[in-house]
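What follows is each chain in one-letter form.
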Amino acid sequence: MASRPERLLRGNDAPLSASFLELFFDLAFVLSLSQLTEHLLHDLTLAGALHTALLLAGVWWIWVSTTWSADWYDPETPAIRAVLVAATLGSLLAGVATPQALRERGVLFAGAYVAVHLIRGVVTATMLRGHPRQRRALRILYWYSVTAVPWLAGAFLPQWRVPLWVLALAIDLSGPRLGWPTPRLGRARQQELHLAGAHFAERYQQIMIIALGELVLVAGLAYAGTHLDLAQTAAFLLVFVTAVLIGLLYVTPAGRHLGSAIEHADPARLGVITGYLHLVMIAGIVVTAVGAELSIAHPSGAGDTAAVAVILGGPTLFLVGRILFSVAIHRRLSWPRVSALFVLAGAAGALRLPLLATSAVATGVVLVVAVLDQAALFTYHRPGKPD
């Protein structure tokens, strides 16, 4: 009979599909994405974009670190179920605080973030007492205990909030890449960072669907609030097409190969890097959602710099993440995608068109990339060609 620490760990025969509570935890991310979209929409400045990026990185790291723990530990054990429930509540509270996190709700945002990480660390380190994997749990708990100081200090010192939170987040995000080096415990070894590739790839696909769901929801609500005239209908359809194309670009082909790539790669490299790159792609979807609301609400309006930047910047940011994703998985560049970045950048500097036309340019560029990707994939897999 397995010991209590062994029962906590995910066994080799454990199902790789996401558990009910993992999917329930994902729902909290819906609120955060919605709040972040509104946050950026109401502050279309460089400072507003950077603040939104900071908050997005915070809520994203709650999701990533919780998903790592559900990959290492059995999500059907009572202890990990409790951790997932606590993480869901913490994510919801962080989402509630997001619009005012850099003002009067900083304590709620930082408190929720810190609590999620410390509760998970305390539970896993305690339950693994006497087991070799306790060292990994203790390292992670140590790092989050250290960064809790700048997180909470920033919450109580508004004038220093942004730099302190940037510092704390930089340390948190670099921890797994460095192996969480800790006094007397050293660094985590490669086998301690191993991830079940199929499980993690599925989780990434699920969270990407949620992000795309936010884009579709924003477009639908914006369209529902219009007079449903021709221009507004065209803007809505362009956003819908863009959402479909983004989904296709994600899964073809690197998204399909992510599981096996994670399984066989150095987990300290690929397992962590894919977390960073999905953050970039989801940021692109959030920005695209802001551009969608603007283009659907005011399709005939002349695009100012901020509106053009978000309409073209969303697909650009997604493609940057997607290009680097392919490099991480296949170690090769997609030149159609790279060329698309130059086209979008040139369009941003040259276009002074109505928002509907700007949105059409963005969708057209993404469509061309998707078509070229599919053509390349068909050529690669055509009969008689070695796979």
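See the structure printed just above.
Residues numbered from 1 in each chain as written. Predicted model: local features only at pLDDT ≥ 70, side-chain atom pairs only at ≥ 80, totals over all residues. Heavy atoms only, no water.

A. Representation of the overall build of the chain within the structure. Across its full length, the chain carries 13 helices and zero strands. Going residue by residue from the N terminus, the α and β elements of the chain occur as α-α-α-α-α-α-α-α-α-α-α-α-α. Counting every position in the chain, which comprises 387 residues, the buried fraction comes to 53%. In the chain, the proportion of contacts linking residues at least 24 apart, taken out of those at least 6 apart, comes to 81%. A total of about 16,700 Å² of accessible surface is found on the chain, and carbon and sulfur atoms cover 69% of it. (Helix = DSSP H or I, 4+ residues; strand = E, 2+ residues; numbered from the N terminus. Buried < 20%, exposed > 50% of the residue type's maximum accessible area, 1.4 Å probe, protein only. Contact = heavy atoms within 4.5 Å. Areas by Shrake-Rupley, 256 points an atom, 1.4 Å probe, with all protein chains shown as cover.)

B. Summary view of the pattern of salt bridges. Per the stated rule, a full pass over the model turns up three salt bridges. R203 is paired through a salt bridge with E22; the nearest N and O atoms lie 3.3 Å apart. With R203 in helix 8 (residues 197-224) and E22 in helix 2 (residues 20-41), this pair connects stretches of sequence that are 181 residues apart. Classification of R203 as buried rests on a relative accessible area of 1%. Measuring nitrogen to oxygen at the nearest pair gives 2.8 Å for the salt bridge that ties E76 to R81. When its relative accessible area of 43% is taken as the criterion, E76 is described as partly exposed. Residue classification places R81 among the partly exposed residues on the basis of a relative accessible area of 39%. Among the ionic contacts, a cluster of salt bridges with common partners joins E22, D26 and R203. (Salt bridge = Lys/Arg side-chain N within 4 Å of Asp/Glu carboxyl O.)

C. Unusual backbone geometry, seen in detail. Positioned with a positive phi, W180 is a non-glycine residue whose angle comes to about 45°. Among the structural elements, W180 can be located in the loop between helix 7 (161-178) and helix 8. Within the chain, R184 stands out as a residue other than glycine whose phi angle is a positive 75°.

D. Quick peek at the packing of aromatic side chains. Summed over all chains, the structure comprises 14 aromatic pairs. When the ring of W61 is compared with that of Y276, the centres are 6.2 Å apart and the planes differ by 25°; the resulting orientation is stacked. Here Y276 lies in helix 10 (residues 267-297) and W61 lies in helix 3 (residues 46-72), a separation of 215 residues in the sequence. In this structure W61 comes out as buried when scored by relative accessible area, which is 4%. Between W68 and W72 the ring centres are 5.2 Å apart and the planes differ by 85°, which places this aromatic pair in the edge-to-face class. With a gap of four residues between them, W68 and W72 both fall in helix 3, about one helical turn apart. Each member of the pair, W68 as well as W72, carries the same accessibility label: buried. (Phe/Tyr/Trp six-rings, centres within 6.5 Å; stacked < 30°, edge-to-face > 60°.)

E. Summary view of the environment of V85. With respect to the helices, strands and loops of the structure, V85 is situated in helix 4 (residues 78-97). A relative accessible area of 43% places V85 in the partly exposed class. Sequence spacing of V85 and F24 is 61 residues, and the spatial spacing of their C-alpha atoms is 8.5 Å.

F. View of a nonpolar patch on the surface. The grouping of V107, L152, F156, L157 and W160 at the surface amounts to a nonpolar patch, some 500 Å² of accessible area in total. Mapped onto the elements, W160 comes out in the loop between helix 6 (134-156) and helix 7. (Patch = residues over 30% accessible without salt bridge, like charges linked within 9 Å, V, L, I, M, F, W, Y side chains within 5 Å.)

G. Highlighting the nonpolar core. In terms of nonpolar packing, the biggest core is built from 110 residues, with W60 and I282 touching the most fellow members. In terms of residue count, the dominant contributor to this core is helix 10 (15 residues). Every residue in contact with I282, bar those within four places of it in the chain, is listed here: F29, L33, L56, W60, I207, M208 and A211. (Core = buried A, V, L, I, M, F, W, Y, C linked by side-chain atoms within 4.5 Å.)

H. Summary view of helix 5 (residues 106-127). The end-to-end C-alpha distance of helix 5, which contains 22 residues, comes to 32 Å, matching closely the 32 Å that a straight helix rising 1.5 Å per residue would cover. Restricting attention to buried positions, one finds in helix 5 the residues G106, F109, A110, A112, Y113, V114, V116, H117, R120, G121, T124 and A125. (Expected span 1.5 Å × (residues − 1).)

I. Structural view of the packing of helix 2 against helix 4. The geometry of helix 2 relative to helix 4 is characterised by a closest axis approach of 8 Å and an angle of 10° between their N-to-C directions. Classified by the angle their axes make, helix 2 and helix 4 are roughly parallel. Only R81, L84, V85, A87, T88, S91, L92, G95 and V96 of helix 4 make contact with helix 2, whose side of the interface consists of L21, E22, F24, F25, A28, L31, S32 and Q35. Its residues assigned to classes, the contact of helix 2 with helix 4 comprises 10 nonpolar, five polar and two charged. (Axes fitted to C-alpha atoms, helices over the stretch in contact; angles between N-to-C directions. Parallel < 35°, antiparallel > 145°, perpendicular 65-115°, else oblique. Nonpolar A, V, L, I, M, F, W, Y, C, P; charged D, E, K, R; others polar.)

J. Layout of the environment of P354. The topology assignment puts P354 in the loop between helix 12 (335-350) and helix 13 (355-380). Separated by 56 residues in the primary sequence, P354 and H298 have C-alpha atoms spaced 8.6 Å apart. Residues in contact with P354, not counting those within four places in the same chain, are P299, S300, G301 and A302.

K. Geometry of the side chain of S359. By secondary structure assignment, the location of S359 is in helix 13. Setting aside residues up to four positions removed in sequence, S359 forms contacts with L238, S295 and I311.

L. View of the packing of helix 5 against helix 7. As a packed pair, helix 5 and helix 7 sit with axes 13 Å apart at the nearest point and diverge in direction by 10°. On the basis of the axis angle, helix 5 is roughly parallel to helix 7. Across the interface between the two elements, G106, F109, A110 and Y113 of helix 5 pack against R161, W165, L169 and D172 of helix 7. Here the residues of the contact of helix 5 with helix 7 are counted per class, giving five nonpolar, one polar and two charged.

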